[in-house]
Amino acid sequence: MKNTIKKGFYFKTYEAPFQSPFEKLFSIFKELITHTSGDFDEAIDWLRELDKEYKLTDEHYTIDDFIEDLKKKGYIREELKDDGTSGIGITAKTERAIRQQALDNIFGNLKRSGTGNHKTEHVGNGDEHTGEFREFHFGDGLERISLTESLRNAQINNGVADFMLTENDLVVEETQYKSQMSTVLMIDISHSMILYGEDRITPAKKVAMALAELITTRYPKDTLDILVFGNDAWTIAIRDLPYLKVGPFHTNTVAGLQLAMDLLRRKRNTNKQIFMITDGKPSCVREKDGTYYMNSNGLDEYIVDKCYNEAQQARKLHIPITTFMIAKDPYLQQFVNKFTEANQGKAFYTGLKGLGEMIFEDYETNRKKRIK
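What counts, and where the lines are drawn
- Residue numbers here run from 1 along each chain, matching the order of that chain's written sequence.
- Local features in this predicted model are restricted to residues of pLDDT 70 or higher, and side-chain atom pairs are both shown and tallied only at a pLDDT of 80 or more, whereas totals for entire chains, interfaces and linings draw on every residue.
- Side-chain numbers here rest on the full set of heavy atoms in the structure, without hydrogens or water.
- Patch criteria: residues need more than 30% relative accessible area and no salt bridge. Like-charged residues are merged within 9 Å; nonpolar side chains of Val, Leu, Ile, Met, Phe, Trp and Tyr are merged within 5 Å.
- All accessibility values rest on the Shrake-Rupley procedure with a 1.4 Å probe; residue burial counts only the protein chains present in the view.
- Throughout this description, the term salt bridge denotes a Lys or Arg side-chain nitrogen within 4 Å of a carboxyl oxygen of Asp or Glu.
- Strands here are runs of E lasting at least two residues and helices are runs of H or I lasting at least four, both read from the DSSP assignment and numbered beginning at the N terminus.
- Burial classes: relative accessible area under 20% of the type maximum marks a residue as buried, over 50% as exposed, and values in between as partly exposed (1.4 Å probe, protein chains only).
- For the purposes of this section, nonpolar cores are sets of buried Ala, Val, Leu, Ile, Met, Phe, Trp, Tyr and Cys residues that join through side-chain atoms within 4.5 Å.
- Only when DSSP finds a minimum of two bridges between them are two strands counted as paired.
- To define axes, lines are fitted to C-alpha atoms, for helices over the stretch in contact only, and angles between the resulting N-to-C directions are given on a 0 to 180 degree scale.
- Note on contacts: a residue pair qualifies if any of its non-hydrogen atoms lie within 4.5 Å across the two residues.
- The pairing test for Phe, Tyr and Trp rings, Trp by its six-membered ring, is centres within 6.5 Å, and the orientation test on the planes gives stacked under 30 degrees, edge-to-face over 60, and tilted for anything in between.
- To sit over a ring, a charge needs its Lys NZ or Arg CZ within 6 Å of the ring centre and within 35 degrees of the ring normal.
- Gly counts as polar in this scheme, as do all residues outside two lists: the nonpolar Ala, Val, Leu, Ile, Met, Phe, Trp, Tyr, Cys and Pro, and the charged Asp, Glu, Lys and Arg.
- Working rule for helices: expected span equals 1.5 Å times residues minus one.
- The term polar contact refers here to a pair of N or O atoms within 3.5 Å; inside protein, the definition further demands a hydrogen-donor-capable atom paired with an acceptor-capable atom, and it admits residues adjacent in sequence only when both atoms are side-chain atoms.
- When an angle is under 35 degrees it counts as roughly parallel; over 145 it counts as roughly antiparallel; between 65 and 115 it counts as roughly perpendicular; any other value is oblique.
- Two helices that cross are described as forming a left-handed crossing if the nearer one is turned anticlockwise from the farther one by less than a right angle, and a right-handed crossing if clockwise.

A cluster of nonpolar residues, Leu147, Leu151, Phe163 and Leu165, forms a patch on the protein surface that exposes about 360 Å² of accessible area. Position of Phe163 among the secondary structure elements: in the loop between helix H5 (147-158) and strand E5 (171-178). Owing to a relative accessible area of 41%, Phe163 belongs among the partly exposed residues under this scheme.

Counting 55 residues, the largest nonpolar core has Phe29, Phe66, Leu70, Leu185, Ile187, Leu211 and Ile277 as its most contacted members. Among the nonpolar cores identified, the runner-up in size contains 28 residues, and Leu227, Leu263, Met325 and Ala342 belong to it.

A word on the sheet that holds strand E8 (residues 233-236). Ordered in space as E8-E7-E6-E9-E12-E13, the six strands form an open sheet in which the pairing is mixed. Single-partner strands in this sheet number two, and they are E8 and strand E13 (346-349). Averaged over all adjacent pairs, the angle separating strand axes in this sheet is 20°, with direction ignored. Bridge count between strand E9 (residues 271-278) and strand E12 (residues 321-325): five bridges; the pairing is parallel. Within E12, the residue paired with Met276 across the bridge is Thr323. Here helix H7 (residues 253-265) sits on the sheet in contact with strand E6 (181-188), strand E7 (223-229), E8, E9 and E12, set at roughly 160° to E6.

Next up on the list: the pairing of E9. In terms of burial, E9 is a largely internal element, eight of the eight residues being buried. The alternating pattern of E9 places Asn271, Gln273, Phe275 and Ile277 and Lys272, Ile274, Met276 and Thr278 on opposite faces, both of which are buried. Direction of pairing for E6 relative to E9: parallel, over a ladder of seven bridges. Within E9, the position partnered with Ile187 by the bridge is Ile277.

If you walk through the whole model with that rule in mind, you get eleven salt bridges. Between Lys52 and Glu49 there is a salt bridge whose closest N-O contact spans 3.7 Å. Of this pair, Lys52 and Glu49 both sit in helix H2 (residues 40-54), three residues apart, which is roughly one turn of the helix.

Centre-to-centre distance and the angle between the planes together describe a pair of aromatic rings. Scanning the entire structure with this criterion turns up 15 aromatic pairs. Taking the centre distance of 5.9 Å and the plane angle of 65° together, the rings of Phe29 and Phe40 count as edge-to-face. Placement of the pair is Phe29 in helix H1 (residues 21-35) and Phe40 in helix H2, with a sequence separation of eleven residues. Phe40 matches Phe29 in its accessibility class, with the two residues each being buried. Between Trp234 and Phe249, the ring centres sit 6.1 Å apart and the planes meet at 80°, which makes this aromatic pair edge-to-face. Of this pair, Trp234 sits in strand E8 while Phe249 sits in the loop between E8 and H7, and the two are 15 residues apart along the sequence. Residue Trp234 is classed as partly exposed on the basis of its relative accessible area of 36%. Classification of Phe249 by relative accessible area gives partly exposed; the value is 25%. Members of the aromatic cluster, connected to one another through ring pairs, are Phe22, Phe26, Phe29, Phe40, Phe66 and Tyr75. Taking NZ or CZ as reference, Lys73 lies 4.9 Å from the ring centre of Phe22, over its face. Taking NZ or CZ as reference, Lys93 lies 4.6 Å from the ring centre of Tyr75, over its face.

Orientation of H1 relative to helix H6 (residues 201-218), taken along the N-to-C sense of each, is 115°, at an axis distance of 9 Å. Touching Glu31, Thr34 and His35 of H1 are Thr202, Lys205, Lys206 and Met209, all from H6. Classifying every residue of the contact of H1 with H6 by side-chain character gives one nonpolar, three polar and three charged.

Here the focus is H2. Quick reminder: α-helices carry 3.6 residues per turn. Residues three or four places apart thus point the same way. With 15 residues, H2 ought to run about 21 Å at 1.5 Å a step, and its terminal C-alpha atoms sit 21 Å apart, in line with that. In this fold, the buried residues of H2 make contact with H1, helix H3 (63-72), strand E1 (76-80) and strand E2 (86-90). Two or three places before Asp41, at the start of H2, stands the capping residue Asp39, its side-chain oxygen 3.2 Å from that residue's backbone nitrogen. Of the residues one or two after H2, Lys55 is the one with positive phi, at around 55°.

What follows concerns the packing of H1 against H2. Packing of H1 against H2 leaves a shortest axis separation of 9 Å and a crossing angle of 130°. Classified by the angle between their axes, H1 and H2 sit oblique to one another. The two elements H1 and H2 meet at a crossing, and its hand is right-handed. When H1 is examined against H2, the residues Leu25, Ile28, Phe29, Leu32 and Ile33 are found in contact with a partner set consisting of Phe40, Ala43, Ile44, Trp46, Leu47 and Leu50. Here the contact of H1 with H2 is built from residues that sort into eleven nonpolar, no polar and no charged.

Now for the environment of Lys328. As for its placement among the helices and strands, Lys328 is situated in the loop between E12 and helix H9 (330-343). In sequence terms Lys328 and Gly280 are 48 residues apart; their C-alpha atoms lie 9.7 Å from each other.

Here Ser86 lies in strand E2. Since its relative accessible area comes to 55%, Ser86 is described here as exposed. Those residues in contact with Ser86 that lie beyond four places of it in its chain are Glu79, Leu80 and Lys81.

Structure, rendered in structure tokens:
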């Protein structure tokens with residue numbers, strides 16, 4: 001009697017992947033520490049509140065056990081606070097774990113690549129095979145010779161009985177250049193990023209951390225600089241992202257753009273771009289004498305004209321600006337439209353949901369073309 005193989009679908013009740021008590025709490029803790037800008041005590045207070053409501057722990061594994069495990073595993077350490085008192089802070093190991101979780105949540109699990117991974121339409125002495133072949137030319141590297149295709153040519157040209165391989169039989173496989181990109185990510189930290197009962201800075205931080213992890217793991221030949229802009233603009237290190245807070249600032253978009261272009265001028269990569277995450281209108285510029293001109297009432301023509309000038313300057317430097325506008329006021333969108341037209345860049349009008357995916361898709365799209 002023959003065994004019959006049944007084909008079809010088998011349905012069963014979903015079983016969540018097993019997580020240890022520590023892993024379950026650690027995933028929540030990483031979210032909380034991002035929301036609290038690295039404040040360990042506040043994050044643990046929130047975790048205890050969540051535990052009371054959702055019964056995250058039991059008598060066998062408590063929040064105190066979790067804190068002890070964080071210490072043993074090197075995720076937290078004793079440190080001195082600014083006021084001279086002792087406290088607990090997160091370590092570089094935790095900062096890396098937060099970035100990785102942000103990447104997994106926003107971009108999905110991406111595998112590490114040892115070289116750049118940005119395709120272009122140009123063929124040449126690159127490192128990605130295209131599947132297309134041509135005759136061997138003097139100067140081609142031996143490692144580029146397609147052995148299978150060359151042997152087949154030798155058999156066709158010289159026969160199997162009298163087999164011989166000549167230079168005329170050799171073929172090489174074309175490879176593609178993988179372009180390298182220098183990116184500056186600008187993050188608005190003006191006060192409006194936490195106004196109106198909506199936390200906009202935390203999603204922006206998560207996007208920045210995920211993008212940083214993406215570039216350092218998948219595109220190690222690319223460069224990423226992160227700057228924040230309020231009344232002024234300054235760069236921040238990737239490791240400082242979890243601690244980023246908004247301030248009582250206006251929005252000096254001009255200062256951010258000037259710093260971004262200054263950073264990119266120093267980069268050797270041909271391909272350069274600026275990503276800007278903002279939710280508010282430009283309301284501040286710094287004058288040559290060091291004073292600030294500020295106006296939060298509507299769109300100030302003097303300020304926005306300076307923004308348009310910077311957008312045009314970036315265009316002359318072949319630096320496209322992609323603006324991710326997370327506010328939906330019509331008059332602000334009108335400003336962004338004119339700003340984008342001045343730069344010949346791109347603008348996306350989006351809420352907080354899907355911001356990371358949108359930035360990732362645009363980053364990948366820009367990798368597939370060479371900016372002239």
